[in-house]
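# Chains, contacts and geometry: an overview
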Amino acid sequence: MKLPFSESYKIKMVEPIRRSTREQREQWIEDAKYNLFNLRSDQVFIDLLTDSGTGAMSQMQWSEMMLGDESYAGASSYFKIKNAIREITGFEYFLPTHQGRAAENVLFSTILKENDIVPGNSHFDTTKGHIEFRKAHAIDCTIDEAFITTLDHPFKGDVDLNKLENVLKAHPASQIPVIIITITCNSSGGQPVSMKNLREVKKMADQYGITVFFDSARFAENAYFIKIREEGYRDKSIREIVREMFSYADGMTMSSKKDAIVNMGGFIGFNSKELFDRATMYNILFEGYISYGGMSGRDMNALAQGLYEGTDFDYLETRIKQVAYLGGLLKDYGIPIQFPFGGHAIFVDAKRFLPHLPKEEYVAQTLAIELYIEGGVRGVEIGTLLADRDPGTGLNRYPDLELMRLAIPRRVYTNNHMDYIAAALINVFDRRDKITKGFKIVKEAPILRHFTVELEKA
Ligand SMILES: Cc1ncc(COP(=O)(O)O)c(C=O)c1O
């Protein structure tokens, strides 16, 4: 008998989770103003709100925590993380930050001014938030295939080079301080960008004299997909692929809460000493001195160790196969999901799941609420609420994709949990015709409203 695939770790410490009744959940979600972010974690049975900062650290990471050097300057932890970043990404200069959006804040404070243009592939919401907060514009140049959820394309995170070139031609280089490529592309479904595309984007950017940064939260998962799906990479190691990927960037921002498998942390990597020097002032102002930037020494140690573990093939295979296991269960039942399966999450196509609901009633949010009521599973809306209003017109922006994301924390749940999640969503699918009403907004913030929005039944 062929031996089946199995996880590349065993469990040493556990955290109990509690079931609840449907009646309790109906009350709790109403009390939470139908915003899943407002639920207490003990009101959730399986938490798929995010894969960010929710992973389980390894025994090596926990032991590294004990070795943390909390000296204000010159700490060994600083050199540990610096060496790990140089070895894994190739970037010579780096600034630590407390998380990914802090890295964006420092970078954009350094290079972005009003009316600037930042092309990219479906910018993540915090990236777009930082750009629009500075009255600049994020222009999405993702390939059209990314928006057809039924289409099986290996690299739906790719940039459409024609779209990009049109943007680069239409504006002077002085108005485009950076191109941001998100690897993997969270907003379009955790979809990877091919090496070929990264290479071509860099070539074009060089022709136009424009800097390229990678939003690198899930760079290792991107490398895994390149290894598995792109010709010429099967025999290369994940670390070799990662080094080649970053050779096509001038710098990177990192939310270490994803692929470095820590609960908190981030950084910016640079090739340019000049840019690093300029960014340093903002880092000190917003984050802390350059040898810790918002992290304690023990956090930097765990992060450095996490960079090595997160780029280990066996770990990545376990992780991505678990996501695909859930995807397979849903696909087999005919639930409309984004194909191919993402690296960190399964994205359910809410418009096809609930086609009868009007877009004004927040379709993906409605689906996420129904899934919570059904089984205590907390997903998240990646749709109209997340897209915010157009800063110019004040009108809702209706994105092409209205998705419910089921993000799988790293090394946390077992495949029995995946079975449970699938069963809960299947139950919702079976009664989808009875879901005839969505939600309306009662209260919202002008930017990143989905975190705090309050809703009531439409
Ligand atoms: C692609 C991407 N970029 C940036 C961020 C922001 O990182 P953080 O949550 O650490 O601020 C996230 C968080 O989910 C992300 O997915």
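Preceding this paragraph is the structure being described.
Here the focus is the sheet that holds strand 12 (residues 403-407). The antiparallel open sheet is built from 3 strands, whose spatial order is 9-12-11. At either end of the open sheet lies a strand with only one pairing partner, and these are strand 9 (345-349) and strand 11 (380-382). Strand-to-strand, the axes of this sheet are offset by a mean angle of 35°, without reference to chain direction. The sheet strands contacting helix 14 (residues 363-375) are strand 9, strand 11 and strand 12, and the helix crosses strand 12 at an angle near 45°.

To continue, consider unusual backbone geometry. Cis geometry is adopted by the peptide bond preceding T184, which originates at I183 and carries an omega value of -20°. Mapped onto the fold, T184 is located in the loop between strand 5 (179-182) and helix 7 (195-208). Backbone geometry places S122, a non-glycine residue, at a positive phi of 45°. You can see S122 is positioned in the loop between strand 3 (117-120) and helix 5 (125-133). Residue classification places S122 among the buried residues on the basis of a relative accessible area of 7%.

Time to look at the pattern of salt bridges. According to the stated counting rule, one finds 32 salt bridges in the structure shown. The partner of E444 in a salt bridge is R389, with the nearest N and O atoms 2.8 Å apart. Of the two residues, E444 sits in the loop between strand 13 (439-443) and strand 14 (454-457) while R389 sits in the loop between helix 15 (384-387) and strand 12, which places them 55 residues apart along the sequence. A cluster of three or more residues bridged by salt bridges with shared partners is formed by D51, R218, E221, D259, R319 and R410.

Inspection of helix 2 (residues 59-66) places Q61, E64 and M65 among the buried residues, and these make up the whole buried set. Viewed end-on, helix 2 has its buried residues packed into an arc of 105°, placing them on one side of the element.

Attention now moves to the environment of V118. Locating V118 in the fold gives a position in strand 3. Sequence spacing of V118 and Y282 is 164 residues, and the spatial spacing of their C-alpha atoms is 20 Å. Each residue touching V118, except ones within four places of it in the same chain, is listed here: L112, H123, I131, H137, A138, I139, V178 and I180.

Interaxial distance between helix 14 and helix 16 (residues 415-430) falls to 9 Å at its minimum, and their mutual angle equals 115°. Classified by chirality, the crossing of helix 16 by helix 14 is right-handed. Counted together, L367, E370, L371, E374 and G375 of helix 14 and Y420, A424, L425, N427 and V428 of helix 16 form the full contact between these two elements. Grouping the amino acids of the contact of helix 14 with helix 16 by side-chain chemistry returns 6 nonpolar, 2 polar and 2 charged.

The rules behind the values
- Residues numbered from 1 in each chain as written.
- Predicted model: local features only at pLDDT ≥ 70, side-chain atom pairs only at ≥ 80, totals over all residues.
- Heavy atoms only, no water.
- Pairing = 2+ DSSP bridges.
- Helix = DSSP H or I, 4+ residues; strand = E, 2+ residues; numbered from the N terminus.
- Axes fitted to C-alpha atoms, helices over the stretch in contact; angles between N-to-C directions.
- Contact = heavy atoms within 4.5 Å.
- Buried < 20%, exposed > 50% of the residue type's maximum accessible area, 1.4 Å probe, protein only.
- Salt bridge = Lys/Arg side-chain N within 4 Å of Asp/Glu carboxyl O.
- Arc of directions from axis to C-beta.
- Left-handed = near helix turned anticlockwise from the far one by under 90°.
- Nonpolar A, V, L, I, M, F, W, Y, C, P; charged D, E, K, R; others polar.

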